[in-house]
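Structural overview for review
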Amino acid sequence: MRTELASEPGDADRPNEDFASVGLPASGQGGSVVVLDGVTPPKGGTGCLHSVPWFTARLGGALTELTVSLPDAPLVDALSRAIARTSEAHAATCDLSHPRTPQATVVVARWTPATVEYLVLSDSALLLESPDGLVTPVLDDRLSLLPRSALATDALVDSTVRNQEGGFFTAAADPSVARRAVTGTVPRHEVRALTALTDGAGRWVERFEEGDWTDCFQLVRKEGPQALVDRVRALERGDTARTFLGRSKTHDDATVVYVEF
């Protein structure tokens, strides 16, 4: 098995809000990948004493442990338990009902000799490659399908579409959000390799349109995760007219994990 991981903050002066792990049980049977993209809050507070990196480290650590220690528990249950465990860690000190309480997007893939399970919540991505080279993207596209008018301001997003019916969902303080994730299972023999990536790395496809998800996967497989991150950074620096970036921040945290069976 080959595993590679690259993660880089969008700003060297700020901590990386992404989380990534590869868990391999001591039994040697199967494993899991967890990738979180912490949601950077706007100025004005979150009702929480803790930073986004604190939250993603707690949630990611719990989710990694649960996906390998409870191999028979569905990924939805593992995410629900991880959210509950993380919420309990700061419920006594923080307002977890605040719409900007620390939160993250989630990608999880777990494999056994027989199956590959997956879970995607919000706008990070999972790419599955079959033995014949077909790449299948697993995406939660609810955020991208919202009209631009619904995303005009942070206040509007928080009051109308963030973690609300008809909007989009992230892992925050409510364990029941796990049921909102895109999930599925495929036979292990139908997956040769997989890549999980945050939207900061997915910009290569979704913002800069350098290729499709198949092209993105092939780049990672041939040149490694860091090569994708490096190419995104070069494109970001080159977009001085903000033709592709628009109102988005120039650099975003970017994380890529590659697993080849």
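So, here's what we can say about the structure.

Some remarks on the overall build of the protein
- When helices and strands are tallied, the protein shows seven helices and ten strands.
- For a compact globule of 261 residues, the expected C-alpha radius of gyration is about 18 Å, and the protein comes in at 18 Å, within 12% of that figure.
- Summarising its shape, the C-alpha atoms of the protein cover approximately 50 × 45 × 35 Å along the three principal directions.
- A fraction of 69% describes how many contacts in the protein between residues 6 or more apart in sequence connect residues 24 or more apart.
- As presented, the protein carries roughly 11600 Å² of accessible surface, and 51% of it is formed by carbon and sulfur atoms.
- Taken together, the 25 basic and 36 acidic charged side chains of the protein have centroids lying 2 Å from each other.

Description of the sheet that holds strand β2 (residues 18-23)
- If you trace the five strands from one edge of the open sheet to the other, you get β2-β3-β4-β5-β8, paired in antiparallel fashion. The outermost strands of the open sheet, each flanked by one partner alone, are β2 and β8 (182-187). Averaged over all neighbouring strand pairs, the angle between strand axes comes to 5°, with direction disregarded.
- As defined by bridge partners, strand β3 (residues 31-38) adjoins strand β4 (residues 104-111) across eight bridges and the pair is classed as antiparallel. Each residue of the ladder has a partner; that of V33, found in β4, is A109.

Focus: the environment of L49
- Turning to its location among the elements, L49 is positioned in the loop between β3 and α1 (52-69).
- Measuring from C-alpha to C-alpha, the distance between L49 and C94 comes to 6.2 Å, with 45 residues separating the pair along the chain.
- Once residues lying within four places of it in the same chain are set aside, the contact partners of L49 are T93 and C94.

Calculation rules
Residues numbered from 1 in each chain as written. Predicted model: local features only at pLDDT ≥ 70, side-chain atom pairs only at ≥ 80, totals over all residues. Heavy atoms only, no water. Helix = DSSP H or I, 4+ residues; strand = E, 2+ residues; numbered from the N terminus. Rg over C-alpha atoms; globule rule 2.2 N^0.38 Å. Contact = heavy atoms within 4.5 Å. Areas by Shrake-Rupley, 256 points an atom, 1.4 Å probe, with all protein chains shown as cover. Lys, Arg positive; Asp, Glu negative; His and termini not counted. Charge placed at Lys NZ, Arg CZ, Asp CG, Glu CD. Pairing = 2+ DSSP bridges. Axes fitted to C-alpha atoms, helices over the stretch in contact; angles between N-to-C directions.

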